[in-house]
Amino acid sequence: MRLEQFVALRYLRSRHRYGFVSAITLLSGIGIMVGVMAMVVTLAVMDGFEEDLKTKLLGNMAPITLQAKDLDLGRMREIGERLAAIQGIRGLSPFVKTQVLLVSSTRTAGATLEGVDPETVSIFSKLPSQLYQGSLESLEGGSRPEDAPADCRDKPGLLVGRELAGHLGLFYGDTLKVVSPVGIETPFGLLPAQKTFCVTGIFESGLYEYDSSFAYASLQTTQAFLGLGKGITGIDVGVDDLYRAGRISDRIRSILGPRVQVEDWMEKNRRLLSALRLEKLTAFAVLALIIMVGVLSILSSLAMAVMERKGEIAILKALGATPRRIQAIFVLQGMAIGIAGTVAGVVLGLGACRFLGSYPLVKLPQDIFYELALPVRVDPADVVSVACAGLVLSLLATLYPARKASRVPPAETLRYE
């Protein structure tokens, strides 16, 4: 063991002349521990909410969307052949999207009607797993509820969100009218298109915006309803890695050119993602102030320790200890406190995260969140960042007292001892 380490350990274990110096040393370690634990838990909860939100957003949103003028199924096949060389693309799925008015027997509500291909929509969408009543196959004339009215069995199927169904008073097997603002030319003028559908499924995505405003029908039914023929609104692209969607979309732009609009999920939600990153950064900066309380306690305890041990410092310098070695003694003493507090805070923080993830100690309001348990996701990078922040701040707190200790004049100090 080197001299610096031996003396620093001796100073930590020895009793101080003034008892409150030891109390401040203990409180400084506890302050760092509490600050680190609070940062680990808070960032884990924020990461959990962010991951949960991304999962729910991408449950119904395609990673990449292609749109262009005069897009149809024939052109989609050509685009698919041109994009076949790009690695990471799982497949393409056409869609038709429009705003409609849903009319039930009791109420009326505006909604987004999306025509999807039941065979390819599962490439990117979690809609099949979100259905708690009905099935995706029912959109193409598949199974119908056994107790459904007779007029429902020959109607096209429609999947509606849970909140939308509740607002319209719809149940599995009910019929409703869908009215489109897109007009149809008739001998009597331009009339809005309308068609009767049967509710063959109710889904729950976990996001209120989707569950209260989206309805799904088959692609062919929606095309016929809007009079589009083989025309489609756009193409959804499924990818293997969601976080490589930006690179894949750049490749698609270079192949298809500027006449095709390419947009990935990060571009669609850039404001939301930027707000989440800013919120996390702000929380990190605010919680770092808790660690600063412990760090300032380290500074004050070391400063008082230097004043108390001036005689011992002078003796060490008289025996040949260089100012750098004196400085290292107090740096090691402060860093030992910082390391102990940081390690204890990380361990307690990870334990608290595991406890919160396993037991629903904190319950979320049911009218806002479908899942009542607090989402917790521990990111190793965040834990490392918090630990580094605690250690760096502890190191900075030791520099001033250590420098003052290295400048103690031995001759003048020992003259009055």
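Before reading on, note that the structure itself is shown above.
Counting restarts for each chain, with residues numbered from 1 along the sequence as it is written. At least 70 in pLDDT is required for a residue's local features to be given in this predicted model, at least 80 for side-chain atom pairs to be given and counted, and no such filter applies to totals for whole chains, interfaces and linings, which use all residues. Side-chain measures were taken over the full set of non-hydrogen atoms in the model, leaving aside hydrogen atoms and water.

Participant: Give a detailed account of the side chain of T65, specifying residues and quantitative values.
Facilitator: On the secondary structure map, T65 appears in strand β1 (residues 64–67). Within the local environment of T65, its side chain forms a polar contact with the side chain of K268, the two groups lying 2.5 Å apart. Whether two residues touch is decided by their heavy atoms; if any such pair falls within 4.5 Å, the residues are in contact. Residues in contact with T65, not counting those within four places in the same chain, are F95, I235, D236, Q261, V262, E263 and K268. The secondary structure listing takes helices from DSSP runs of H or I that are at least 4 residues long and strands from runs of E that are at least 2 residues long, numbered from the N terminus. Polar contacts here mean pairs of N or O atoms no more than 3.5 Å apart (in protein, one a potential hydrogen donor and the other a potential acceptor; neighbouring residues in sequence count only if both atoms are side-chain atoms).

Participant: So, the pairing of strand β8 (residues 214–218): which residues are in play, and what are the values?
Facilitator: Most of β8 is tucked away: five of the five residues are buried. Whether two strands pair comes down to DSSP finding at least two bridges between them. Bridge analysis of strand β3 (residues 108–116) against β8 gives five bridges, and the strand direction is parallel. Bridge assignment links T112 to a residue of β8, and that residue is F214. As judged from the two bridges shared by strand β5 (residues 157–161) and β8, these two strands associate in the antiparallel manner. Counterpart to L159 in the pairing with β8 is Y216. Categorising residues by exposure relies on relative accessible area from a 1.4 Å probe, with only protein chains included: less than 20% of the type maximum marks a residue as buried, more than 50% marks it as exposed, and the intermediate range marks it as partly exposed.

Participant: Please give an account of the pattern of salt bridges that cites residues and values.
Facilitator: Salt bridge, as used here: a side-chain nitrogen of Lys or Arg that lies within 4 Å of a carboxyl oxygen of Asp or Glu. This model, assessed by the stated rule, comprises eight salt bridges. A salt bridge links D47 to K280, with the nearest nitrogen and oxygen atoms 2.8 Å apart. With D47 in helix α2 (residues 19–60) and K280 in helix α10 (residues 270–308), the pair connects residues that are 233 residues apart, well separated along the chain. In this pair, the class of D47 matches that of K280, namely buried. Put simply, K280 and D382 hold a salt bridge, and the shortest N to O gap is 2.9 Å. On the criterion of sequence distance, the pair formed by K280 in helix α10 and D382 in helix α13 (residues 380–406) is long-range, its members being 102 residues apart. The structure contains a network of salt bridges with shared partners spanning D47, K280 and D382.

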